[in-house]
Amino acid sequence: MKFHLIPENQKTFQRVILFLGFVLTGIIGFIDHLTGYEFAFSVFYVIPIALVTWYTSCRLGLVTSFLGALLWLGVDLTSAHPYSHHFVPIWNSFIRLSFFVIITVLLSKLRKSLAREKEFASVDNLTGAFNPRFFYELVQMEINRFKRYKEPFSLVYIDLDNFKSVNDQFGHSAGDQVLRRVVSCSRKYLRKTDVIARLGGDEFALLLPDTNEESNHILISKLQTELLEEMEQSNWPITFSIGVIICFKAPNTPLELVNMADEIMYSVKHGSKNAIKYLTYTD
């Protein structure tokens, strides 16, 4: 989650940006009033508008645009500057507002486009799950969070048993459908803070923040049951070998943690298959 803030922190950050944007707009309007009509201040009004638009939303950027245009109109009306007609300052304010709105809309579209490109760079094209590179970044962030708050977390490694037989019997399109179904089914039972990634051809990993043994057993058992039912409904001979590592200690690197979960999973796969094995990682 290189770009992620947890939801509550993100809301607080946006409120702060909005407040700063409004205050900055007011300060610019006040300075504009003090300097008089001879000095152009349009570029300075754009600064808080761009700030609010980029870090909050287009809607709030438009609100800031309206506030900037309104303040500018007020400065014009109190400057005692003579106009040929009383409608002129209103027209000027409309033009300024239109200018601010165009900037707001263009910035908002640019931000969304960049976010979309960043998302595509972090997502597996076939399943929509996160790709390995981005998943390792998420794991590193969770390790860093653990070092600060000491809240346990879990990593789950899932391998699809008999996946090759699906490709052989039903074709690769069916195999692709299996992979997509695993991701869509998993997301129904995961929390918003949980993450699913596709690490290999038929291997997936889950990152579960703030979990312990009890909550893990409930969640993973239920998820395995639902995944098996999903496979049975389509007559796919797929089962799931699952390795779970619950961290009460921070591993040195994301790779070390993923490898440990991978080893747990393979001990299941080389045994009975279609089972769950847990390991608690402590001091």
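## Let's talk about the overall build of the protein
Right, so step 1: Each helix and strand counted, the protein has 9 helices and 5 strands in total.
Right, so step 2: The dimensions of the protein, computed from C-alpha atoms along their principal axes, are 90 × 45 × 25 Å.
Right, so step 3: The buried share among the 283 residues of the protein stands at 42%.
Right, so step 4: Sequence separation of 24 or more characterises 71% of the internal contacts of the protein that already satisfy a separation of 6 or more.
Right, so step 5: Split by element, the accessible area of the protein, about 15500 Å² in all, is 61% carbon and sulfur.

## So, the packing of helix 7 (residues 172–189) against helix 8 (residues 213–233)
Right, so step 1: Axis separation between helix 7 and helix 8 bottoms out at 10 Å; the angle between their running directions is 140°. Between helix 7 and helix 8, the angle is such that the two are oblique. As for how helix 7 packs across helix 8, the hand of that crossing is right-handed. Every residue of helix 8 that contacts helix 7 at Val178, Arg181, Val182, Cys185, Ser186 and Tyr189 is listed here: Leu219, Lys222, Leu223, Glu226, Leu227, Glu230 and Met231.
Right, so step 2: The residue inventory of the contact of helix 7 with helix 8, partitioned by class, reads 8 nonpolar, 1 polar and 4 charged.

The rules we used
- Residues numbered from 1 in each chain as written.
- Predicted model: local features only at pLDDT ≥ 70, side-chain atom pairs only at ≥ 80, totals over all residues.
- Heavy atoms only, no water.
- Helix = DSSP H or I, 4+ residues; strand = E, 2+ residues; numbered from the N terminus.
- Buried < 20%, exposed > 50% of the residue type's maximum accessible area, 1.4 Å probe, protein only.
- Contact = heavy atoms within 4.5 Å.
- Areas by Shrake-Rupley, 256 points an atom, 1.4 Å probe, with all protein chains shown as cover.
- Axes fitted to C-alpha atoms, helices over the stretch in contact; angles between N-to-C directions.
- Parallel < 35°, antiparallel > 145°, perpendicular 65-115°, else oblique.
- Left-handed = near helix turned anticlockwise from the far one by under 90°.
- Nonpolar A, V, L, I, M, F, W, Y, C, P; charged D, E, K, R; others polar.

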